[in-house]
Amino acid sequence: GYAARHAIVFLKRLWPDVGQAAPVNVQAVSGRVTAQLRRFWQLNNILSDDGEKTRADHRHHAIDALVVACTHPGITAALARYWKTRESRAAEQPRLEQPWPGIRTDAEREVAGIVVSHRVRKKVSGPLHKETTYGDTNEDVENNGVSYRIIVERVPVDSLTAADIGTDDLTEGKSPIRDPGVRRALREPVARPDGDGKRARASGPTLGPDGPPIRKVRLESKRQLHGLVRLHNGLNDPNSKHHVAIYRSADGAVSGEIVSLFEAVRRLSRREPVVRRRSDQGIPLLMSLAQGDLIKIDDERAAYWVVREIKANGQVTLVPHIEARPTKQALKFAPTVAGLLNRNPRKLAVDPIGRVRPASD
């Protein structure tokens with residue numbers, strides 16, 4: 001309602017409201033009125049089977065816009081009179097005829113043809129990395145042929161669990177606490193038969209009988225270096241991915257470069273293109289994908305899909321263009337870059353009024 005009032009003020013500046021002679025008479029329609037009209041005209045079940053409005057589909061905005069466009073002051077006044085007198089026995093529910101015969105059928109056909117316009121997030125702005133800074137141990141380990149760097153993070157003792165500390169000889173070796181002396185000092189009160197982790201840590205473990213209290217500990221973890229950025233005081237995890245650049249060589253080999261927002265800002269500061277037209281090996285760019293980009297897949301999943309998330313492991317999370325639910329609840333699939341190209345995707349652009357055209361990358 002607040003936004004509608006400001007929209008009316010803005011629109012009346014464009015078309016001064018001077019009564020019957022005004023070029024446009026600007027009015028707002030309340031959500032209560034549109035809800036009633038959607039039910040009367042049977043428009044709710046276009047997107048849901050239970051006859052109730054669903055917000056899981058972005059196209060519910062289009063149905064609301066249709067209802068608002070078909071509403072006039074007479075409808076609003078009739079509903080207002082009914083709501084005012086509906087407790088009386090003489091009150092009759094108003095007969096709100098359809099704006100034209102077959103509005104339900106026409107609306108269903110038009111809604112089915114809508115391609116939702118999403119904002120593509122290609123701005124080089126926002127938090128560049130997470131707040132936590134990791135220490136570099138310069139120690140590497142290999143797992144299934146992949147090299148990982150051991151990094152450490154300082155955390156408060158109160159945030160540790162018994163599993164982090166290791167409560168017996170079998171679990172102590174699996175504890176991520178880097179310093180063995182600190183691990184033993186924390187393990188003793190946790191291992192007491194009558195103590196739990198929180199009560200023991202609250203008592204203030206120390207390094208030795210007269211040693212200093214332990215307030216923070218260093219935890220080890222394994223990460224691939226290419227997924228981290230180096231700062232002046234350690235390593236950090238980039239906060240978000242800006243885009244993935246997809247390259248395909250003449251022999252058909254596909255490669256994808258995940259570019260973080262941190263790296264995009266670095267390129268911009270060096271006056272380099274944010275999206276590189278060629279890879280480091282000189283392979284030409286096939287396409288780039290950022291959050292909000294639309295692609296069409298012409299296989300068994302033939303549909304319009306929107307990029308919802310780009311993962312560090314090279315997977316691209318796609319959701320249907322009509323999907324309005326959070327990623328965890330949404331219908332989705334997350335192919336790798338190579339797996340996505342096997343489905344012959346076409347990158348498209350949709351303007352704010354739904355016109356679809358090929359996207360030039």
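Along each chain, residue indices are assigned from 1 in the same order as the chain's sequence is written. Local features in a predicted model are, by the rule used here, given only for residues with pLDDT of at least 70; side-chain atom pairs are given and counted only at 80 or more, and totals for whole chains, interfaces and linings are based on all residues. Note that water and hydrogens are dropped before the side-chain values are worked out from all heavy atoms of the structure.

Peer 1: Provide a residue-level description of the overall build of the protein, including the pertinent values.
Peer 2: The helix and strand inventory of the protein stands at 11 helices and 13 strands. When the 361 residues of the protein are sorted by exposure, 34% land in the buried category. Residues are treated as being in contact if the distance between any of their heavy atoms lies within 4.5 Å. At a minimum sequence separation of 6, the contacts of the protein that also span at least 24 residues come to 55%. Where accessible areas are quoted, they stem from the Shrake-Rupley method and a 1.4 Å probe; at the residue level, only the protein chains shown are allowed to cover. When the accessible surface of the protein is totalled, it reaches about 22,400 Å², and 50% of it is carbon and sulfur. A run of H or I in DSSP counts as a helix once it spans at least four residues, and a run of E counts as a strand once it spans at least two, with each numbered from the N terminus. Categorising residues by exposure relies on relative accessible area from a 1.4 Å probe, with only protein chains included: less than 20% of the type maximum marks a residue as buried, more than 50% marks it as exposed, and the intermediate range marks it as partly exposed.

Peer 1: Run through the pattern of salt bridges, naming residues and quoting values.
Peer 2: When charged atoms on two side chains of opposite charge get close, those side chains can pair. Salt bridge, as used here, is a side-chain nitrogen of Lys or Arg placed within 4 Å of a carboxyl oxygen of Asp or Glu. If you walk through the whole model with that rule in mind, you get 22 salt bridges. Linking Asp136 and Arg230 is a salt bridge whose minimum nitrogen-to-oxygen distance equals 3.1 Å. One end of the pair, Asp136, is in strand β1 (residues 129–143); the other, Arg230, is in strand β4 (residues 229–231), with 94 residues separating them in the sequence. For Asp136, a relative accessible area of 22% corresponds to the partly exposed category. Judged by its relative accessible area of 48%, Arg230 is partly exposed. With its nearest N and O atoms 3.1 Å apart, the salt bridge here joins Arg346 to Asp298. A residue pair is termed long-range when its members are at least 10 positions apart, and Arg346 in strand β12 (residues 345–350) and Asp298 in the loop between β9 (294–297) and β10 (303–310) qualify at 48 residues.

Peer 1: I'd like a rundown of the side chain of Ser48, residues and numbers included.
Peer 2: Tracing the backbone through its elements, the reader meets Ser48 in the loop between α2 (31–40) and α3 (60–69). For the purposes of these results, a polar contact is taken to be a pair of N or O atoms within 3.5 Å, where, inside protein, one atom must be able to donate a hydrogen and its partner to accept one; residues adjacent in sequence count only when each atom of the pair is a side-chain atom. Side chain to side chain, Ser48 and Asp50 meet in a polar contact 3.2 Å long.

Peer 1: Requested: an account of the packing of α2 against α3, with residues and values cited.
Peer 2: How two helices sit against one another is set out by the angle between their axes and by the gap between those axes. Running from amino to carboxyl end, α2 crosses α3 at an angle of 95°, the nearest separation of the two axes being 10 Å. Between α2 and α3, the angle is such that the two are roughly perpendicular. Here α2 contributes Thr34, Leu37 and Arg38 to the contact with α3, which in turn contributes Ile63, Asp64, Val67 and Val68. Broken down by class, the residue content of the contact of α2 with α3 amounts to 4 nonpolar, 1 polar and 2 charged. Between N-to-C directions, angles cover 0 to 180 degrees, with each direction set by a line fitted to C-alpha atoms, over the stretch in contact for helices. Convention used here: angles under 35 degrees read as roughly parallel, angles over 145 as roughly antiparallel, angles from 65 to 115 as roughly perpendicular, and any remaining angle as oblique. Three residue categories are used. Nonpolar comprises Ala, Val, Leu, Ile, Met, Phe, Trp, Tyr, Cys and Pro, charged comprises Asp, Glu, Lys and Arg, and polar comprises the others, including Gly.

Peer 1: Help me get a handle on the sheet that holds strand β13 (residues 356–358), residues and values and all.
Peer 2: Should DSSP find at least two bridges between two strands, the strands are regarded as paired. Read from one edge to the other, the open sheet built from 5 strands follows the order β11-β10-β9-β12-β13, with strand pairing classed as antiparallel. Of all the strands in the sheet, just β11 (316–320) and β13 have a single pairing partner and so form its edges. Between one strand and the next, the sheet's axes are offset by a mean angle of 45°, whatever the strand orientation. In this structure, β9 lies alongside β12, joined through 4 bridges in antiparallel fashion. Opposite Lys296, over in β12, you have Arg346 as the bridge partner.

Peer 1: Residues and numbers for a nonpolar patch on the surface, please.
Peer 2: A cluster of nonpolar residues, Phe10, Leu11 and Leu14, forms a patch on the protein surface that exposes about 280 Å² of accessible area. With respect to the helices and strands, the residue Leu11 is situated in helix α1 (residues 2–14). Look at Leu11 and you get partly exposed, because its relative accessible area is 31%. Patch membership needs two things, relative accessible area over 30% and no salt bridge, and members are linked within 9 Å if like-charged or within 5 Å if nonpolar (Val, Leu, Ile, Met, Phe, Trp, Tyr).

Peer 1: Lay out the environment of Arg149 in plain terms, naming residues and giving numbers.
Peer 2: Its place among the elements puts Arg149 in strand β2 (residues 146–156). Once residues within four sequence positions are removed from consideration, Arg149 is found in contact with Asp136, Asn138, Glu139, Asp140, Ser221, Lys222, Arg223, Leu225 and Arg230. One polar contact links Arg149 to Asp140, side chain to side chain, over a distance of 2.6 Å.

Peer 1: Describe the confidence of the model for the protein, and please don't skip the residues or the numbers.
Peer 2: The predicted coordinates of low-pLDDT regions are not to be read in fine detail. Of the residues in the protein, 89% reach a pLDDT of 70 or more, and the chain-wide mean stands at 84. pLDDT expresses how confident the predictor is about each individual residue, on a scale running from 0 to 100. Low pLDDT (under 50) marks residues 197–202, which in the prediction has 11 contacts with non-local residues, meaning those over four places away or in another chain.

Peer 1: Describe the packing of aromatic side chains, listing the residues and the values that go with them.
Peer 2: Two rings from Phe, Tyr or Trp (for Trp, the six-membered ring) form a pair when their centres are within 6.5 Å of each other. A pair whose planes differ by under 30 degrees is stacked, one over 60 is edge-to-face, and the rest are tilted. Applying the stated criterion to the full structure yields 1 aromatic pair. With 4.8 Å between their ring centres and 75° between their planes, Trp305 and Phe333 make a pair best called edge-to-face. Pair noted here: Trp305 is in strand β10 and Phe333 is in the loop between β11 and α11 (337–341), with a separation of 28 residues, a long-range link. Given a relative accessible area of 6%, Trp305 falls into the buried group. Accessibility expressed as a relative area gives 9% for Phe333, which makes it buried. Sitting over the face of the ring of Trp83, Arg32 holds its NZ or CZ atom 4.0 Å from the ring centroid. Throughout this description, the term charge over a ring refers to an Arg CZ or Lys NZ atom that lies within 6 Å of the ring centre and within 35 degrees of the ring normal. The ring of Tyr148 is capped by Lys222, whose NZ or CZ atom sits 5.8 Å from the centre of that ring.

Peer 1: Which residues make up α2, and what values go with them?
Peer 2: Of the residues making up α2, those classed as buried are Val33, Thr34, Ala35, Leu37 and Arg38. Just beyond α2, the residue with positive phi is Gln42, at close to 60°.

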